[in-house]
Amino acid sequence: MAQPSMQSAYPEVHSEVRKFISGRSRRMLIDGKWVEAASGKTFTTYDPATEEPLAEVPAGDKEDVDRAVRAARKALESGAWPRTTPSERGRMLWKLADLIEAHGEEFAQLETLDNGKPVAIARVADIPLVVDQFRYYAGWATKVEGETIPVSIPGQRMLCYTRREPVGVVGQIIPWNFPLLMAAWKLGVALACGNTVVLKPAEQTPLSALRLGELITEVGIPPGVVNIVTGLGETAGAAIASHPDIDKVAFTGSTEVGHLIMQAAGKSNLKRVSLELGGKSPNIIFADADLDQAAVGAANAIYFNHGQCCCAGSRLFVEQNVYDKLVPRLVEYSEKIKLGPGMDPSTDMGPLVSSEQYQRVTSFLKAGKNEGAKVVTGGDRPKQLDKGYFVAPTVFTDVKPDMKILREEIFGPVVCAIPFKDPNEVLAAGNDTEYGLAAAVWTKDIQKAHRLAEGLKAGTVWINCYNMFDAAAPFGGYKQSGFGREMGKAALELYTQIKTVWVNLGEA
Ligand code: ADP
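Numbering of residues starts from 1 in every chain and runs along the sequence as written. Per-residue local features of the predicted model are confined to residues with pLDDT of at least 70, and side-chain atom pairs are confined, for both listing and counting, to 80 or more; whole-chain, interface and lining totals are unaffected and use all residues. With hydrogens and water stripped out, all remaining heavy atoms of the structure feed into the side-chain values.

Colleague: Outline the domain arrangement of the protein chain, supporting the account with residue identities and numerical values.
Modeller: For the domains described, the bounds stem from an automatic or database domain assignment. Entries for the protein chain in the domain assignment read domain 1 (15-277 + 484-497) and domain 2 (282-470). If you average the C-alpha positions of domain 1 and of domain 2, the two centres end up 31 Å apart. Only heavy atoms matter for contacts: two residues are in contact if any of them lie within 4.5 Å across the pair. The interface is formed by 28 residues belonging to domain 1 together with 30 residues belonging to domain 2. For the pair domain 1 and domain 2, the two sides together bury roughly 2300 Å², of which 64% comes from carbon and sulfur. Once two parts are brought into contact, the accessible area they lose, counted with a 1.4 Å probe and summed over both, makes up the buried area.

Listed below in structure tokens is the structure:
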């Protein structure tokens, strides 16, 4: 059993987190009740810093997804949710934000134990962003408006108006890199717009979503409105994507699985789909940038969350005449990063999330070396850590355009540094990818900055900054990074549908 090893490894773990992990995580939320999987099966999640088992959670699959969809449908069509006023929905979301904030330390620790991220970062980044997300959409609950349309029908007076109605029962499939935050991005807006939800957290990191489920019931969100089914992607996830009675599926994860989700939607009931997928984001530094700021920016762009960010700045383009100045600064920064268990408050970078992810990232490191790229720092697991899925911050130079490390998403703390000569060349190189999630430009020249911002084919462009997020600012992909925008007003489009109503007012 997982518990004893966790207790001895981390004496400082919050008592509520211990209690949750040692029992309550074995049930999932369906129709307002905490239940085991229909099969009675569970699966184990692991602490990536120790490679030890952490918790047992239900291995939900098709039968459980069916139960959850029936509950969500009932809550949508005949349950308490349609009778809840927008103002009440807003208040519940706000209250949920308050409760998450009050339990912030527990959530930060759950994220760290399950995902590996430093608890110091979960406290100041993940959890406050989650709270903001629910507060932001609490405000929208009362502002989901239709329009009156000035129509022109000869000889007739007509009133034509639109209603913005919920899409219905929504399936939400969540990744493991920001477990609670990705759940919040999807849940806040879905609930504000009046939908009901079947949410599946990633099998690597299901704990914070289950704990969130407890707070969802505590704030009085009615049974069946939010159902949380834990399980594997190929079983529970696939059952959501192909379910005939789910109206929309929202997915964040790999581009490979994104293709499967669309196929499943097409083969089943043409459910609406929104996808937030992989990336290979160009981070472009011009010689006229503030190079101190840009060097730190380049490091944070790739190393934040250990490079396990779909928008990680994994292709670093540096103007030729400052390349030899900037790369050493990045290397120096990389070598100062303190790796260790996320629960240690002095840790800058924790382990990768799983053994599978460790294998994946280290296979890219091998591929880079075999293809002839040069490792200027890192390139392997750090010598001082013999346990846990740790990979040292790594900078590759001498990278050629067709190398695997430059073309494919690595999803680890690995950056390719490439020199360039002029804005046109770097714009073409930056866009030479199947992805288009994010990009950044560092320069003091505003003309150049905005021209690049226009030319880059990416859903977000940061200028003289990186990894800026706000509940009010839309986020999503171009090209194979997906479609649909999460956050901000834009996300209402994903979770509402427009009904046009015509009223005959008699002859003109
Ligand atoms: P990664 O490869 O980085 O683990 P995935 O895209 O596999 O990312 O996982 C993201 C989410 O998608 C997880 O919740 C996972 O369970 C789910 N998932 C994986 N495979 C499938 C699938 N075939 N159908 C639906 N969901 C899936």
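Colleague: Run through the packing of aromatic side chains, naming residues and quoting values.
Modeller: Aromatic rings from Phe, Tyr and Trp, with only the six-membered ring used for Trp, were paired whenever their centres fell within 6.5 Å, and each pair was classed as stacked if the ring planes differed by under 30 degrees, edge-to-face if by over 60, and tilted otherwise. According to the stated counting rule, one finds 10 aromatic pairs in the structure shown. Considering the side-chain rings of F286 and F420, the 5.2 Å spacing of their centres and the 85° angle between planes classify their relative orientation as edge-to-face. Here F286 is found in the loop between strand 12 (282-285) and helix 11 (291-303), whereas its partner F420 is found in strand 16 (residues 414-420), with 134 residues between them in sequence. Buried means the residue's accessible area, taken with a 1.4 Å probe over protein chains only, is under 20% of the maximum for its type, while exposed means over 50%, and partly exposed covers the values in between. By relative accessible area, F420 is classed as buried at 1%. A network of ring pairs unites the aromatic residues W185, W462, Y466, F469 and F475 as a single cluster. Should the NZ of a Lys or the CZ of an Arg lie within 6 Å of a ring centre and within 35 degrees of the ring normal, that charge is described as sitting over the ring. Stacked on the ring of W94, the Lys or Arg R135 has its end atom at 5.3 Å from the ring centre. Here the guanidinium or amino end of K248 rests over the ring plane of Y495, the centre of that ring lying 5.1 Å away. Per the convention used, a helix needs a DSSP run of H or I reaching at least four residues, while a strand needs a run of E reaching at least two, with both numbered from the N terminus.

Colleague: Tell me about the site of the ligand, residues and numbers included.
Modeller: Nearness is defined per residue: one heavy atom within 4 Å of the molecule or strand is enough. Neighbouring the ligand are 18 residues, the closest being I174, W176, K200, E203 and S254. For the ligand, an oxygen atom lies 3.0 Å from a polar atom in the side chain of W176. Polar contacts, as used here, are pairs of N or O atoms within 3.5 Å; protein pairs need one atom able to donate a hydrogen and one able to accept it. Residues neighboring in sequence count only if both atoms are side-chain atoms. Here a nitrogen atom of the ligand sits 3.5 Å away from a polar atom, N or O, in the main chain of A238. Every element with two or more residues in the shell around the ligand is listed here: helix 9 (233-241), strand 10 (248-252) and helix 10 (255-267). When residues are grouped by polarity, Ala, Val, Leu, Ile, Met, Phe, Trp, Tyr, Cys and Pro land in nonpolar, Asp, Glu, Lys and Arg in charged, and all others, Gly among them, in polar. Here the residues of the shell around the ligand sort into 10 nonpolar, six polar and two charged.

Colleague: Report on the packing of helix 5 (residues 104-115) against helix 8 (residues 207-218), specifying residues and quantitative values.
Modeller: Inter-axis angles, ranging from 0 to 180 degrees, are taken between N-to-C directions of lines fitted to C-alpha atoms, where helices are fitted over the stretch in contact. Between helix 5 and helix 8, whose axes approach to 9 Å, the crossing angle comes to 155°. Classified by the angle between their axes, helix 5 and helix 8 sit roughly antiparallel to one another. On helix 8, the residues that touch E106, F107, L110, E111 and D114 of helix 5 are L207, S208, R211, L212 and L215. In terms of residue class, the contact of helix 5 with helix 8 is made up of five nonpolar, one polar and four charged. Throughout, the term roughly parallel applies to angles under 35 degrees, roughly antiparallel to angles over 145, roughly perpendicular to angles from 65 to 115, and oblique to all others.

Colleague: I'd love a proper account of the environment of P419, names of residues and values included.
Modeller: Position of P419 relative to the elements: it lies in strand 16. Since its relative accessible area comes to 38%, P419 is described here as partly exposed. Once the C-alpha coordinates of P419 and T397 are considered, the two residues, 22 residues apart in sequence, prove to be 9.1 Å apart. With residues up to four places along the chain from it excluded, the contact list for P419 reads V318, Q320, Y323 and E425.

Colleague: Tell me what's going on with helix 5, and back it up with residues and numbers.
Modeller: The span you would expect from a helix comes to 1.5 Å times its residue count less one. Here helix 5 is 12 residues long and its end C-alpha atoms lie 16 Å apart, about the 16 Å a rise of 1.5 Å per residue gives. Within the span of helix 5, buried status applies to G104, E106, F107, A108, Q109, L110, E111, T112, L113, D114 and N115.

Colleague: How would you summarise unusual backbone geometry if you had to cite specific residues and measurements?
Modeller: Glycine aside, negative phi is the norm for most residues, and most peptide bonds take the trans geometry. Positive phi outside glycine occurs at F411, with the angle close to 60°. With respect to the element layout, F411 can be found in the loop between helix 14 (404-407) and strand 16. The exposure class of F411 is buried, given its relative accessible area of 15%. Of note, the phi angle at M487 is positive, near 70°, even though the residue is not glycine. On the secondary structure map, M487 appears in the loop between strand 19 (482-483) and helix 17 (492-495). Among the residues examined, M487 registers a relative accessible area of 1% and is labelled buried.

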